[in-house]
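# Observations on the three-dimensional arrangement
Here's the letter readout for the chains.
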Amino acid sequence: MIANIPHAPLLGRNTFGIDATARELIEYDSVDDLRSLAPMREPFIHIGGGSNLLFAGDCGTTLLHSRIFGVDVIDDRGDYVTVRAGAAVVWDDFVGWAVASRLAGVENLSLIPGETGSAAVQNIGAYGSEVKDVIDSVDTVDMLTGETRRFTKEECGYGYRRSVFKRSDMKRYVITHVTMRLSRRFTPNLSYGALRELTESMTMSPSLSDMRHIVIRMRRSKLPDPATLGNAGSFFTNPIVDRDTAARLKAEYPSMPQYAADDGGVKLSAGWMIERAGWKGRTVGHAGVYDRQALVIVNHGGATGDEVIAVARAVISDVEKMFGVTLTPEVNIIMNSRTSSCSN
Ligand code: EPU
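Definitions and limits used
Residues numbered from 1 in each chain as written. Predicted model: local features only at pLDDT ≥ 70, side-chain atom pairs only at ≥ 80, totals over all residues. Heavy atoms only, no water. Buried < 20%, exposed > 50% of the residue type's maximum accessible area, 1.4 Å probe, protein only. Helix = DSSP H or I, 4+ residues; strand = E, 2+ residues; numbered from the N terminus. Arc of directions from axis to C-beta. Contact = heavy atoms within 4.5 Å. Salt bridge = Lys/Arg side-chain N within 4 Å of Asp/Glu carboxyl O. Near = heavy atom within 4 Å. Polar contact = N/O pair within 3.5 Å; in protein donor to acceptor, adjacent residues only side chain to side chain. Nonpolar A, V, L, I, M, F, W, Y, C, P; charged D, E, K, R; others polar. Domains from an automatic or database assignment. Pairing = 2+ DSSP bridges. Axes fitted to C-alpha atoms, helices over the stretch in contact; angles between N-to-C directions. Parallel < 35°, antiparallel > 145°, perpendicular 65-115°, else oblique. Left-handed = near helix turned anticlockwise from the far one by under 90°.

## Description of helix α2 (residues 91–100)
- For α2, the complete set of buried residues consists of W91, D92, F94, V95, A98 and V99. Projected onto a plane normal to the axis of α2, the buried residues spread over an arc of 150° and lie on a single side. α2 presents D93 and A100 as exposed residues on the side facing more than 90 degrees away from its buried surface.
- On its buried face, α2 sits against β6 (71–77), β7 (80–86), α3 (116–122), β12 (173–183) and α5 (208–222).
- Just downstream of α2, R102 is the residue with a positive phi angle, here 60°.

## Quick word on the pattern of salt bridges
- As enumerated under the stated definition, the model contains 17 salt bridges in all.
- In this structure, the salt-bridge partner of D139 is R150, at a minimum N-O distance of 2.6 Å. Remark: R150 occurs in strand β11 (residues 148–152) and D139 occurs in strand β10 (residues 135–142); sequence separation between them is 11 residues.
- Using a relative accessible area of 8% as the deciding quantity, one classes D139 as buried.
- Across the pair K321 and D318 runs a salt bridge whose closest N-O atoms are separated by 3.5 Å. Residue K321 and its partner D318 are located together in helix α8 (residues 305–323), separated by three residues, close to a single helical turn.
- What makes K321 exposed here is its relative accessible area of 65%.

## Details of the site of the ligand
- Around the ligand, the surrounding shell holds 26 residues, and the nearest of these are Y127, Y160, Y192, E275 and A294.
- Here an oxygen atom of the ligand and a side-chain polar atom of K222 are 3.4 Å apart.
- Residue E330 places a side-chain N or O atom 3.2 Å away from an oxygen atom belonging to the ligand.
- Listing elements by their share of the shell around the ligand, those giving two or more residues are β8 (125–126), α5, β13 (230–234) and α7 (270–276).
- Its residues assigned to classes, the shell around the ligand shows 11 nonpolar, eight polar and seven charged.
- Split by domain, the shell around the ligand shows at least three residues from each of two domains, domain 2 (71–183) and domain 3 (236–328).

## Observations concerning the pairing of β11
- Two elements, β10 and β11, share five bridges in a ladder whose sense is antiparallel. If you follow S137 over to β11, its bridge partner there is T152.
- Between the end of β10 and the start of β11, which pair antiparallel, lie five residues, with G146 showing a positive phi angle near 85°.

## Re the domain arrangement of the protein
- Assigned domains of the protein: these are domain 1 (2–66), domain 2 (71–183) and domain 3 (236–328).
- Between the C-alpha centres of domain 2 and domain 3 the distance comes to 28 Å.

## Points about the pairing of strand β19 (residues 296–299)
- Burial of the side chains of β19 extends over both faces: V296 and V298 are buried on one face and I297 and N299 on the other.
- Taken together, the three bridges between β13 and β19 define a ladder with antiparallel strand orientation. Looking at the pairing, N231 lines up with V298 of β19.
- Both strand β18 (residues 287–289) and β19 contribute to a ladder of three bridges, which runs antiparallel. Bridge pairing links G288 to V298 in β19.

## Observations regarding the packing of helix α4 (residues 193–200) against α5
- Running from N to C, α4 and α5 cross one another at 120°; their axes reach a closest spacing of 11 Å. In terms of axis orientation, α4 runs oblique to α5. For the pair α4 and α5, the crossing hand works out as right-handed. In this structure, α4 contributes A194, L195, L198 and T199 to the contact, and α5 contributes M211, I214, V215 and M218.
- The class makeup of the residues in the contact of α4 with α5 is seven nonpolar, one polar and no charged.

## Focus: the packing of α2 against α5
- For the pair α2 and α5, the least separation of the axes is 9 Å and the interaxial angle reads 155°. In terms of orientation, α2 lies roughly antiparallel with respect to α5. Touching D92, V95, G96 and V99 of α2 are L208, S209 and R212, all from α5.
- Along the lines of polarity and charge, the residues of the contact of α2 with α5 split into three nonpolar, two polar and two charged.

## Structural notes on the sheet that holds strand β1 (residues 2–9)
- Sheet architecture is open: four strands sit in the order β1-β2-β5-β3, paired in mixed fashion. Looking at which strands have only one partner, the edges of the open sheet turn out to be β1 and β3 (44–47). Across the sheet, the mean angle from the axis of one strand to that of its neighbour is 25°, orientation sign disregarded.

The structure is reproduced here in structure tokens:
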């Protein structure tokens, strides 16, 4: 079935808690429903759980949202189990199901808000894991032709918070299902320092469900709950700079955290720089920087998208002045113009 909602209220559909409307929202239940909407020649934006987007105002573009649910076991042989999840499955429900089924691979990604389709667009990551580590393939519908297309993991072009699905020329592909390979053998991934420290005091190596609970506790201690304080997680990505820039910054700021990035560059901590620039806990109007994690911008209640953007711009400008590094939003900012290129 297809539901077409004109002037759709968005307040309950974005974790930032921005009160806006969309010109039209279309929800569909199946791959066939989605195919029947093609060809979509007008611009559209596909949304998921609304946990990584910011509406700058009312949205003049058509929004699409999946209601393709379900998790199927495709293959179960030896140590590995291949599962296929619908794009609308709430990501943390999927992680909860995997852990309860004693399947490892996604436990460090516990409690990340959002839906499974967006997880595959964004290559969500936390505590030393990224969803690309378990993705096998991604099924899509081409909204220009109505044809289905499967992307292998390699074709998805995954990198840090990056995939081909974020490219403007690839927006025509809407993800319907994500196929992932989970493991019956569990080895805790303790590569994230604070996780390792927490588990060092345990008498036994953590079990799969221990890991899920430890990660949930850690997230709750660092990140605001959107149910009580509107936010979209990290507002910016951690910038990746070349080695010379990293060395210059290290000489000037010896305590600056730096990490090796996949492509030979150096990843810097945006949160650390924002805190040093004096923004941690600072509020302007109804929006501000979270007082426990400077990478998160929060809505203290009643903020407009423009107020959030004003805080983000001021943060970018101050970090640039102090460190010479330009921060890029991780959150997809959806402008209100019909022709703006918006993202998933
Ligand atoms: N830091 C500060 N001040 C702050 C925040 C961080 O000094 O206010 C320093 C920390 O002390 C640490 C470093 O910055 O040395 C990194 O901080 P943290 O481990 O908290 O992680 P992050 O880089 O700020 C990233 C992800 C998070 C993910 C965590 C844990 C991005 C954009 N963010 O944050 O993901 O949960 O690592 O793996 O990569 C998200 O994407 O929405 C998200 C929450």
